[in-house]
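Inside the fold
Chain by chain, the residues run as shown.
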Amino acid sequence: MAERLSPLAWFAPVSSDGLRVAEVPFLTQIDVRVDPASRAASAIGLALGAPLPTEPGTYATGDAGDVLWMGPDEWLVIAPPGRDGLEARLAEAAAGVEDAHVAITDVSAQRTTLIVDGPRSRDLLAHGCPIDLHPRVFGPGSCAQTTLARAGVVLAAREGDEFLLLVRSSFAGYLAEWLLDAAAEYL
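Everything in this summary refers to the structure shown in the same document. If you're wondering where the values come from, they're calculated on a predicted model, not measured in any experiment.

**What about the pairing of strand β9 (residues 143-148)?**
As a general feature of sheets, a regular strand has side chains that alternate between the two faces. Pairing of β9 with strand β10 (residues 151-157), which is carried by six bridges, proceeds in the antiparallel orientation. Paired with Thr 147 across the bridge in β10 is Gly 152. A loop of two residues connects β9 with β10, the two strands running antiparallel in sequence, and Ala 149 in this loop sits at a positive phi of about 55°.

**So, the sheet that holds β10**
Pairing within the open sheet is antiparallel, and its six strands lie in the order β1-β2-β8-β11-β10-β9. The open sheet is flanked by β1 (14-15) and β9, the only strands paired with a single partner. As judged from the six bridges shared by strand β8 (residues 111-117) and strand β11 (residues 163-168), these two strands associate in the antiparallel manner. Note on β11: the bridge partner recorded for Thr 112 is Val 167.

**Structural notes on the side chain of Glu 23**
Looking at where Glu 23 falls in the secondary structure, it is placed in strand β2 (residues 20-24). At a separation of 2.3 Å, a polar atom in the side chain of Glu 23 contacts the side chain of Ser 6. Setting aside its immediate chain neighbours within four residues, Glu 23 contacts Ser 6, Pro 7, Leu 8, Ala 9, Phe 11, Thr 112, Thr 113 and Leu 114.

**Describing the sheet that holds strand β3 (residues 28-34)**
Pairing is antiparallel across the open sheet formed by five strands, whose spatial order is β4-β5-β6-β3-β7. The open sheet has two free edges, formed respectively by β4 (59-61) and β7 (102-106), since each of these has just one partner strand. The mean inter-strand angle of the sheet, taken between neighbouring strand axes irrespective of direction, is 20°. Bridge analysis of β4 against strand β5 (residues 66-71) gives three bridges, and the strand direction is antiparallel.

What counts, and where the lines are drawn
For every chain, the first residue of its written sequence is number 1, and the numbers climb from 1 along that sequence. Owing to the predicted nature of the model, reporting of local features is limited to residues with pLDDT of at least 70; listing and counting of side-chain atom pairs is limited to 80 or more, with chain, interface and lining totals taken over all residues. Just so you know, side-chain values use all the structure's heavy atoms and leave hydrogens and water out. If DSSP finds at least two bridges between two strands, the strands pair. Strands here are runs of E lasting at least two residues and helices are runs of H or I lasting at least four, both read from the DSSP assignment and numbered beginning at the N terminus. Pairing of N or O atoms within 3.5 Å defines a polar contact, subject to two protein rules: one partner must be a possible hydrogen donor and the other a possible acceptor, and residues neighboring in sequence count only if both atoms are side-chain atoms. In this description, contact between two residues means that some pair of their heavy atoms is separated by no more than 4.5 Å. Fitted lines through C-alpha atoms serve as axes, helices being fitted only where they are in contact, and the angles separating the N-to-C directions of these axes extend from 0 to 180 degrees.

Quick look at the structure:
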């Protein structure tokens, strides 16, 4: 069997005192659709080690990873690579609830992840992102589906100046090249 290659296998991380851009390939990504007020949502939250966030634009961190609010009844669970049993564990938790209407889908192959970190990270992202990235507006624990350089991304603000960018595999090369070009003044 051939070795699995990331969409950005060619991409070399770049860093300076004020900025770091690197890929984090093969993160486990599970899409969860469920009524947030249901017992199934509570059971899934227990399995994740964190309740499903219900406030738009936020995420929670649990034992299984980060749980990003994607819509009124949709979340994206992001976990370290190799969490192959996570989808089954969440499905099992929901299956224990009678009359549960739940969809749990592994979407790990759909996107790759880039980390943008450092004191200049907000400046870099502001070159191509239409949302307000000021820490008072988009601080740690915030997430959004937005665009960056016209490519659709899921953006999550982590502690300090670190951001996760989840981008579809087919746009990953374009976005990585754009980030490198936009970051030239900071490197």
